[in-house]
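Per-entry structural report
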Amino acid sequence: MKNSCAKDVDKTAKASFQMLEDMFEENRYLFSRDSTFGYYVLSSLGLVLRNDQYGVSSFIRLFELDGECYKPFLNFFRSDAWELDKLTGKWAHKIINSNLLYKTGDRPLFIIDGVKEPKEARRQPCVNILHQESGDGSKKEFIRGHLFGCVGLLIGNDDNQFSCPITLRIQGSEGIIRTWIEEKKIKEQQSNAENSDVENKVNEFFYDANKEPSHVVLNIRDACLIAEREGVKCYCAADAYYFSGPVLNELKEHMRDDNTQWIDIITRGRKDCKAYRQVGKKVKSVELIDVFDEKKSAFKDVVLNLYGKDETVSYYSERMLWNRKKEYRTEILFVFTVIDNKKVFLCTTDLTMDPELVIKIYTKRFKIETGFRSLKSELNGFGYHFWTKAMTKISVKATAEENREALKADGEASKENKDLILDTFKAMEAFVNLTAIGMGMLQIVSLTNTDEIEKLKRWQVTYRDGCPSEATVADILAKALPEYKKMYPNSLIAACLNAIEAKPEVKERSSKTKDASAK
């Protein structure tokens, strides 16, 4: 029995590891040095397979490497030999063109949201005081930390779906740093141009705190840019915070040649929202909550499969105007829904959409919440500890404006300071995004090798039927990794390990760069 189980583990692990290696190989051209590519492969695996949550030092223990490899792993996250934007762009292209992409109404479905991660560090860029909207009494109303905007795509089949993370960006006070990044790119691209030309282009990106978009607008913008780059019209599911005039205006900024939007949003309206009916030449205000009683006889009863079970739903749909102001005036399809005596109204910018499809799509939004839980609790994807002495210590009571001013002053102090802050910012985003992409790879393995993984019956907290979770796949692969390295010495993973053990070096920018990932 034990031998049979061992064979199943070996067969499943081999197929899964080879699938992961193929996905890594697709990205090799994004790294200017082979050594950097090797650290990318091992860092991505280490972030999702490690058995402890002690940062980069976890990789050393997972792969049984010498302690000399610790600093090169740290330097990899700050290395100039690769760009995170190119990696996430390639990942988005792969998912959108994958046969695992789950389409609703013949369109891919983006799921977007924000996630807040507590951080007490005083020398990390963009740490701000954040407000937590939660009904959980155990959570503080205000925390210090980072706000990440997440854009994900729904993958899977009718029975099992995942919100596959595409990109996570730090938001809040980051505008200054992104201005520095654009400035650096312009100067590198125009190194032979006259200084006046470079300065003019840099000024186009000059950061203005008064014009800084909200995080909901930034998330919508990221999703629109991906859809536009890939040439694919998409839907986007989001929570009630995304039902706003600035978001609708941002969607209009990204139009197709046929004058339709690249993305149509499906979201929930807040109970205090108003809409407007066009009555002749006049615009009449409507309290949306009153429509449930006003149109009670027009509601239609249907049975829909929601959250994995059949539910009886009553709904009524109507086109109305969102806001009477000309700059925000947009026609919206409102779907007034009653489920289990709860009244909810959903909204979409696709006026031709079937109301039943609107309801089904919105229920997929919760997939990003389960994805956040896996990323935070099971993979510790936000467990980075990068910091730099180039930054002045942040006051624990500093406002976002005060943090921006301090960051700006640190950057203006010297070019070395600016470079070190940029490196630290990149390292934080790289840590989170590599974990998120690694989690997406585990999701692909789970969906592709569901039956093989299910035979192994690896229990987590509670065994569940259907597609194995990311944690289950990670547990199986982590246990099989030592044997896999021995049995397949010519594999990509073994080759990367051998190369790093022979020459464990990645160029370090400065001795002032610090990191506290190990404990």
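Basis of the calculations
- Residues numbered from 1 in each chain as written.
- Predicted model: local features only at pLDDT ≥ 70, side-chain atom pairs only at ≥ 80, totals over all residues.
- Heavy atoms only, no water.
- 1 Å grid on protein atoms, 1.4 Å probe; cavity = no way out; pocket = protein on both sides within 12 Å on 5 of 7 lines; lining within 4 Å.
- Points joined across faces, edges and corners; volume = space filled by probe spheres on them.
- Nonpolar A, V, L, I, M, F, W, Y, C, P; charged D, E, K, R; others polar.
- Phe/Tyr/Trp six-rings, centres within 6.5 Å; stacked < 30°, edge-to-face > 60°.
- Helix = DSSP H or I, 4+ residues; strand = E, 2+ residues; numbered from the N terminus.
- Buried < 20%, exposed > 50% of the residue type's maximum accessible area, 1.4 Å probe, protein only.
- Lys NZ or Arg CZ within 6 Å of the ring centre and 35° of its normal.
- Core = buried A, V, L, I, M, F, W, Y, C linked by side-chain atoms within 4.5 Å.
- Contact = heavy atoms within 4.5 Å.
- pLDDT = per-residue confidence, 0-100.
- Polar contact = N/O pair within 3.5 Å; in protein donor to acceptor, adjacent residues only side chain to side chain.

1. As for empty space enclosed by the protein
Enumeration according to the criterion identifies 4 cavities of 30 Å³ or more in this entry. Considered as a void within the structure, the largest cavity measures approximately 80 Å³ in volume. If you trace the largest cavity, you find it lined by P125, C126, V127, S173, M391, T392, I394, N403, R404, A406, L407 and D410. Grouping the constituent residues of the lining of the largest cavity by class yields 7 nonpolar, 3 polar and 2 charged. If you add up the space inside the second largest cavity, you get close to 60 Å³.

2. Description of the packing of aromatic side chains
All told, the structure shown has 26 aromatic pairs when counted by the stated rule. With a centroid separation of 6.3 Å and 65 degrees between ring planes, the pair formed by Y384 and F431 is classed as edge-to-face. Placement of the pair is Y384 in the loop between α12 (367-378) and β14 (386-388) and F431 in helix α14 (residues 415-448), with a sequence separation of 47 residues. Residue Y384 is classed as buried on the basis of its relative accessible area, which comes to 0%. One aromatic cluster is present, formed by F24, F31, F37, Y40, F76, F77, W82, F148, F382, Y384, F386 and F431 through successive ring pairs. Positioned over the ring face of Y235 is R107, at 4.1 Å from the centre of the ring. Seen from the ring of W262, R256 lies directly overhead, with NZ or CZ sitting 5.2 Å from the centre.

3. Description of the nonpolar core
Ranked by size, the top nonpolar core spans 154 residues in total, and within it F17, Y40, F77, F110, F334 and F336 carry the most contacts. Sorting elements by how many residues they give to this core places α14 first, with 18 residues. Apart from the residues within four sequence positions on either side, Y40 is in contact with F24, N27, F31, F76, L87, L434 and M441.

4. Things to note about the confidence of the model for the protein
Within the protein, residue pLDDT values average 86, and 87% of them lie at 70 or more. Here residues 201-207 is modelled with pLDDT under 50, and outside its nearest four sequence neighbours on either side it reaches 14 contacts, counting other chains as well. Confidence over residues 510-519 falls short of pLDDT 50; this stretch has 33 contacts with residues more than four positions distant or in other chains.

5. Some thoughts on helix α11 (residues 355-363)
An α-helical turn contains 3.6 residues, so a residue and the one three or four places further along point in the same direction. The buried count for α11 comes to 7 of 9 residues, which makes it a mostly enclosed element. Restricting attention to buried positions, one finds in α11 the residues P355, E356, V358, I359, I361, Y362 and T363. Two to three positions downstream of the cap, the backbone nitrogen of E356 sits 3.1 Å from a side-chain oxygen, assigning the N-cap of α11 to D354.

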